[in-house]
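Single-letter residue listing:
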Amino acid sequence: MTAILLPTYSLWIRDLKHFIRQRSRVIGAVGQPFVIWIFLSAGFKNSVNAGGADYGAYLFPGIIMLIALFAAIFSTISVIEDRKSGFLQGVLTSPAPRASIVWSKMLAGTTIALLQSVVFMVLLPFTGLSLSWEGIGLSILILAGTGMTLTGLGFLISWSMSSTQGFHAIMNLLLIPMWILSGAFFPPEGTASWLGVIIHLNPLYYITTLFQKAFFAGSGVSVAGGPSVAVSIAVFAALFLLLFITSLRLVRKS
Amino acid sequence: MLTIDNISHTYHRRKGAATRALDGVSFDAAHGEVTAVIGPNGSGKSTLFRLVTGALHLQQGGIQLDGQHPGSARLGVVFQSPALDRQLTVFENLYHHALLYGRRLKKAQLPAELLDVLELNGRLDSKVDELSGGFQRRVELAKALLTEPELLVLDEPFTGLDINARDAFFSVLQHVTAARGLTTLLVTHELSVATRCDRVVLFEEGTVIANERPGALLSDFGRMVVVIRGEDLDTLAARIAASSDIVSLRIADDALLLKNTTLQDVLMIVDERDSRIHDIEARRPTLEDYFIARTGHALQDAVGELEAA
């Protein structure tokens, strides 16, 4: 067990040190979602039907999901940087199990995503929402799962790429539509039928719905419709396993 | 002892093309010695490095260290491009590296002798990015030695170092190899360094064409050689052969090397005022001379051509 724990710890802590020591990254990570939330909630306040809830409050968990999504996925840029800087070759020739590379990146991405999300939650009092502790706890648990899953997606793509610019381009192409069509930005009910099909094919829709249900539990805001909790959990778990196992195979093969 | 036993390796490219990088390579490297692996680019050195470090799977033959497979735990590696985290301090690099080998490390546990030899005492809290290229190489070596490997493999570790830093690094390498009884395999195209190694394994087109102590490789050239640069050197070589027992060798289109002789002896046969002669120089023989004698072409030319491409 130690054979995988210590290398995983080593690579995980190293990624966190990088994050904390890059002041601009920390400021951007906290500041950007705040600005997006303020402007979007002000701009779309009267345009979007958020099921009777205040749009700023409806959007709040969606912004948290956005934070987790971007933080988790973009943390895996470190895979490309590690390869380019030569650091990865030292890890690959060490006795560290290959699985420790996957675990450490997933844990680092999740930790960064959770840190940023929790910091953003400080703004909760400004939404007028009163959440239950149970809801907050469940939300953090789902965010952790989201971090692990999406870091897996980022890892899978970054492992095969050599350019950070290329990674940015591909991930933005993938992530922004995924987030917009996740139900975080607007409820899927009432959208065009073709858009509804795409939304239902988007795995992030199931994760976001699950998160919204946990987040709003006991707050008075109801998340009507959408997939059941059981279906959401099943999609979530299947996606995590698929990404984790594929990442593991990829790393072991190289 | 590291035993490389009849290894061959073929790269299979897309569209069915195959390149044989190594073809039946065998040699031994002893404990306490630095064994240089030299040869032009494309001669199979890097493939050998990747096979020994486990970055490539063995297709044929065997690699053993004292009769056993040299697993990664017994191996220290220094790569051509640094494997350091430049944003971390020297100690943090060592700390994280030790964790990969399943060891928790405190500053007080760092081997004092190693830090002394590498002159890293007092630099442990410096960010790697702030160190010179020479010291970054030393950190790299410290990392490789920290886990007390039995086999140390280095791939072109002098890349980017000036002559002084290169010599200092090599001296440290020789010292730790002898002091720790390491088996050190140094892949390089720095012939001046290879000459100072305990043994030289010379690669050409995926095969070993020589495996000797540097002195033995150069014994045929004598203590000194004379190099004449100019034109119409075939005529000159014929005249030298007719009037003396000096053996000559063309080492370039415009250069003729005369083995085992002195400038004084040569000037008794050759008129230095001859307009076809541009320059006459007496020097010690080099591994480059040996390589040309064996293969008919220059090792450094091959390196230069490939680097330019």
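About the cut-offs
Residues numbered from 1 in each chain as written. Chains lettered and ligands numbered in written order. Predicted model: local features only at pLDDT ≥ 70, side-chain atom pairs only at ≥ 80, totals over all residues. Heavy atoms only, no water. Patch = residues over 30% accessible without salt bridge, like charges linked within 9 Å, V, L, I, M, F, W, Y side chains within 5 Å. Areas by Shrake-Rupley, 256 points an atom, 1.4 Å probe, with all protein chains shown as cover. Salt bridge = Lys/Arg side-chain N within 4 Å of Asp/Glu carboxyl O. Helix = DSSP H or I, 4+ residues; strand = E, 2+ residues; numbered from the N terminus. Contact = heavy atoms within 4.5 Å. Buried area = accessible area lost by both parts, 1.4 Å probe. Polar contact = N/O pair within 3.5 Å; in protein donor to acceptor, adjacent residues only side chain to side chain. Buried < 20%, exposed > 50% of the residue type's maximum accessible area, 1.4 Å probe, protein only. Axes fitted to C-alpha atoms, helices over the stretch in contact; angles between N-to-C directions. Parallel < 35°, antiparallel > 145°, perpendicular 65-115°, else oblique. Left-handed = near helix turned anticlockwise from the far one by under 90°. Nonpolar A, V, L, I, M, F, W, Y, C, P; charged D, E, K, R; others polar. Pairing = 2+ DSSP bridges. Domains from an automatic or database assignment. Phe/Tyr/Trp six-rings, centres within 6.5 Å; stacked < 30°, edge-to-face > 60°. Lys NZ or Arg CZ within 6 Å of the ring centre and 35° of its normal. 1 Å grid on protein atoms, 1.4 Å probe; cavity = no way out; pocket = protein on both sides within 12 Å on 5 of 7 lines; lining within 4 Å. Points joined across faces, edges and corners; volume = space filled by probe spheres on them.

1. Topic: a nonpolar patch on the surface
Then, number 1: Nonpolar side chains collect at one region of the surface, where Phe34, Val35, Ile38 and Phe39 of chain A lie side by side and expose about 360 Å² of accessible area between them.
Then, number 2: Relative to the assigned elements, Phe39 of chain A resides in helix H2 (residues 23-43).

2. Regarding the interface of chain A and chain B
Then, number 1: Each partner contributes residues to the interface: chain A has 21 residues there, and chain B has 21 residues.
Then, number 2: Looking at the side of chain A facing chain B, the largest losses of area belong to Leu6, Thr93 and Pro95 of chain A, adding up to 29% of the total buried there.
Then, number 3: Where chain A meets chain B, there are three salt bridges.
Then, number 4: Between Lys17 of chain A and Glu92 of chain B there is a salt bridge, with the nearest N and O atoms lying 3.4 Å from each other.
Then, number 5: Where chain A touches chain B, the interface holds seven residue pairs in polar contact (both at pLDDT 80 or more).
Then, number 6: Of all the elements in the fold, those that place two or more residues in the side of chain A that touches chain B are helix H1 (2-21) and helix H5 (87-92) of chain A.
Then, number 7: Among the elements that line the side of chain A that touches chain B, the one with the most residues is H1 of chain A, at ten residues.

3. Focus: helix H1 (residues 45-52) of chain B
It helps to recall that an α-helix has 3.6 residues per turn; residues three or four apart then point in one direction.
Residues and elements named next belong to chain B.
Then, number 1: Taken across its eight residues, H1 has six buried, putting it largely inside the fold.
Then, number 2: Along H1, the positions that sit buried rather than exposed are Lys45, Thr47, Leu48, Phe49, Leu51 and Val52.
Then, number 3: Two residues or fewer after H1 comes Gly54, characterised by a positive phi angle close to 85°.

4. Describing unusual backbone geometry
Residues and elements named next belong to chain B.
Then, number 1: For Asp66, which is not glycine, the phi dihedral falls at a positive 50°.
Then, number 2: Relative to the helices and strands, Asp66 is located in the loop between strand S4 (60-65) and strand S5 (75-78).
Then, number 3: Despite not being glycine, Glu156 has its phi angle at roughly 45°, a positive value.
Then, number 4: Relative to the helices and strands, Glu156 resides in the loop between strand S6 (151-155) and helix H5 (163-180).
Then, number 5: Residue class for Glu156 comes out buried when judged on its relative accessible area of 8%.

5. What to know about the packing of helix H4 (residues 77-85) of chain A against helix H8 (residues 164-180) of chain A
Geometry of a packed helix pair, given as the angle between the helix axes and the separation of the axes.
Residues and elements named next belong to chain A.
Then, number 1: At their nearest, the axes of H4 and H8 sit 10 Å apart, and the two run at 165° to each other. In terms of their interaxial angle, H4 and H8 are classed as roughly antiparallel. As H4 runs across H8, the sense of the crossing is right-handed. Judged by residue contacts, Ile77, Ile80 and Glu81 of H4 engage Thr164, Phe167 and His168 from H8.
Then, number 2: Residues of the contact of H4 with H8, tallied by class, amount to three nonpolar, two polar and one charged.

6. As for the sheet that holds S6 of chain B
Residues and elements named next belong to chain B.
Then, number 1: Spatial strand order, S5-S6-S7-S3-S8-S9: six strands in an open sheet with mixed pairing. Bordering the open sheet on either side are S5 and strand S9 (207-212), each of which pairs with just one other strand. Sheet twist, expressed as the mean angle between neighbouring strand axes with direction ignored, is 15°.
Then, number 2: Those strands touched by H1 are strand S3 (33-38), S5, S6, strand S7 (183-187) and strand S8 (199-204), and its axis lies near 145° from that of S6.
Then, number 3: Contacts from helix H4 (residues 133-146) reach S5 and S6 within the one sheet, and its direction differs from that of S5 by about 165°.

7. Details of the domain arrangement of chain B
Residue and element names in this part refer to chain B.
Then, number 1: By the assigned domains, chain B splits into domain 1 (2-215) and domain 2 (218-308).
Then, number 2: Of note, the centres of domain 1 and domain 2, computed from C-alpha atoms alone, are 34 Å apart.
Then, number 3: At the junction of the two partners, domain 1 supplies 17 residues and domain 2 supplies 15 residues.
Then, number 4: Buried area between domain 1 and domain 2, both sides added, is near 1300 Å², and the carbon and sulfur share of it is 69%.
Then, number 5: Linking domain 1 to domain 2 there are zero salt bridges.
Then, number 6: Run the count over domain 1 and domain 2 and you get five residue pairs in polar contact (both at pLDDT 80 or more).

8. Quick look at the pairing of strand S11 (residues 248-252) of chain B
All names here are of chain B.
Then, number 1: Where S11 and strand S12 (residues 255-258) come together, four bridges link them in antiparallel fashion. Looking at S12, one finds that Ser248 is bridged to Leu258.
Then, number 2: Hairpin geometry of S11 and S12 is characterised by an intervening segment of two residues between the two adjacent antiparallel strands.

9. Points about the packing of aromatic side chains
Think of a pair of aromatic rings as described by two things: how far the centres are apart, and how the planes are tilted against each other in angle.
Then, number 1: Tallied over the full model, the rule gives 18 aromatic pairs over all chains.
Then, number 2: Both rings, one in Trp37 of chain A and one in Phe120 of chain A, keep their centres 6.1 Å apart while their planes meet at 85°; by these two values the pair is edge-to-face. Here Phe120 of chain A lies in helix H6 (residues 98-120) and Trp37 of chain A lies in helix H2, a separation of 83 residues in the sequence.
Then, number 3: Judged by its relative accessible area of 6%, Trp37 of chain A is buried.
Then, number 4: Seen from the ring of Phe135 of chain B, Arg123 of chain B lies directly overhead, with NZ or CZ sitting 3.8 Å from the centre.
Then, number 5: Positioned above the aromatic ring of Phe135 of chain B, the side-chain terminus of Arg138 of chain B is 5.0 Å from the ring centre.

10. Points about empty space enclosed by the protein
Then, number 1: Considering all chains together, one arrives at two cavities of 30 Å³ or more under this definition.
Then, number 2: Looking at the largest cavity, its volume works out to about 90 Å³.
Then, number 3: Val77, His97, Tyr101, Lys143 and Ala144 of chain B are, among the 13 residues lining the largest cavity, the residues nearest its centre.
Then, number 4: When contributions to the lining of the largest cavity are tallied by element, the ones reaching two or more residues are S5 and H4 of chain B.
Then, number 5: Grouping the amino acids of the lining of the largest cavity by side-chain chemistry returns six nonpolar, five polar and two charged.
Then, number 6: Roughly 40 Å³ of volume is contained in the second largest cavity.
Then, number 7: When residues of the lining of the second largest cavity are traced back to their parent elements, those giving at least two are H1, H5 and H6 of chain A.
Then, number 8: With three residues, H5 of chain A is the single largest residue contributor to the lining of the second largest cavity.

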